[in-house]
Amino acid sequence: MSPPSRETSLVYLDNQADVDRFLASIAGTRELALDTEGASFHRFVDRIYLLQLSTRERSAIIDPLPIGSPVELGRLLEDATVEKVFHDADYDLRLLHQDYGWQAANIFDTRVAAQLLGLKAFGLAALLERYFGIKLDKKHQRADWSLRPLTPGMLDYAAQDTRYLLDLRDRLAAALHEAGRWSWAAEEFARLDGTRWDDEDTGDSGWMRIKGARDLTRRELALFRELVKWRDGVAAVLDRATFRVVGNESLLTIARDAPRTREALAAIRGMPRGIVDTRASDVLAAVERGLAEPDATLPRFPKAPRWERDPDFDARAARLKAVRDVAAARLSMDPGVLCSRERLEAIARANPHTLEDLARVSDVRRWQVEVLGPDFLRALAESPAVADSPYRDG
């Protein structure tokens, strides 16, 4: 269970010359473990505040704040002959693209590998304890990585994220080969190549995606829109996470109650005293703007896509779910990892009759066609009367 020995000294690089020397020293590596630290829990716009990387022989933490983009690291990241190992790569990849324009190639994601192996605890801390007996200190899990100077404890915490990642990759890769699931993982990893930052949530309608907005009336939606615009504007100026200005629940309550006075605003549960003291007039002005919105232009949620009525859809989806759940139990996998609800519904809607048709359904993987395809097709070919219970996904 013990991990291979790793150097205990930590190289912290915060000037261009040192970064260039370190990256030149690892230019020939064929494997690179990488992680990033952002500060979305503290800052309005998340960005990369630390880059942690490890080869088989060396580890370093790069502070990008004083130096900007470490260009040579970007070349390594985009080099398809170098395998990049992440744990839960998706957000790291999006941040790397947002901040530096990099699009990584040849990725191994230890979280994805663990899920495909059916491990129920697939966080990095759980995996390191399982395979190496290492217990990570979670003390700095929500640290503000934008602050400087960083404490020795914070740096040591950050270094742990990549120090054993290549060894973990080896254990998981061996287990995938042994289980006959390496091709599954390879297909999933390939889909991570070129992951980009998606700006869709920063548009004018982003506030509509906030939990609870759909429960509001159209008039209340108008107030909520103005309140979110105000709150996000303040958060952007202060470079502070939005919930640290005013939380969404408080804004939803204001939208419903429409307070017209400072006293009524102060009575809103969760309303920060500092905001009431310094910005009450701005909040009340947002309420007035929402109340003044003409009825004809009140916001409304766009209508969901209307599917052609299919009376057998629920029955087909139920049969597919039953097949998926049996297979998941046999393979000791989480059913949602084996085939998600969204994918089951897409298959039920497409109602394929051949494996080729199934493979053409959006987001269906080749490995899923191999593992589930024949049983899915048999289930779809059954009479609707065989399984007429309503579709419910667990």
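Residues numbered from 1 in each chain as written. Predicted model: local features only at pLDDT ≥ 70, side-chain atom pairs only at ≥ 80, totals over all residues. Heavy atoms only, no water.

## Regarding the sheet that holds strand β5 (residues 83-86)
Applicable threshold: Two strands are counted as paired when DSSP detects at least two bridges linking them. Secondary structure elements are taken from DSSP: a helix is a run of H or I of four residues or more, a strand is a run of E of two residues or more, and numbering for both begins at the N terminus. Throughout, a residue-residue contact means that at least one pair of heavy atoms, one from each residue, lies within 4.5 Å. Whenever a helix is involved, its axis is fitted only over the stretch in contact; in every case the axis is a line through C-alpha atoms, and angles between N-to-C directions fall within 0 to 180 degrees.
Ordered in space as β1-β4-β3-β2-β5-β6, the six strands form an open sheet in which the pairing is mixed. Since the sheet does not close on itself, it has two edges, and those belong to β1 (12-13) and β6 (107-109), each with one partner. Where strand β3 (residues 50-54) and strand β4 (residues 59-62) come together, four bridges link them in antiparallel fashion. If you follow S54 over to β4, its bridge partner there is S59. Along the sheet face, helix α2 (residues 71-78) touches β2 (31-37), β3, β4 and β5 and points at about 120° away from the line of β2.

## Details of unusual backbone geometry
Heads up, the condition is: Using a 1.4 Å probe on the protein chains alone, a residue whose accessible area is under 20% of its type maximum counts as buried, one over 50% counts as exposed, and one in between counts as partly exposed.
In this structure, the amide linkage connecting R148 to the following residue, P149, adopts the cis form with an omega of 0°. Residue A258 is not a glycine yet carries a positive backbone phi of 50°. Secondary-structure assignment places A258 in the loop between α10 (248-257) and α11 (262-266). Among the residues examined, A258 registers a relative accessible area of 18% and is labelled buried. Residues other than glycine seldom take positive phi values, yet S332 does so here, at roughly 55°. One can find S332 in the loop between α13 (313-331) and α14 (335-338). Classification of S332 as partly exposed rests on a relative accessible area of 48%.

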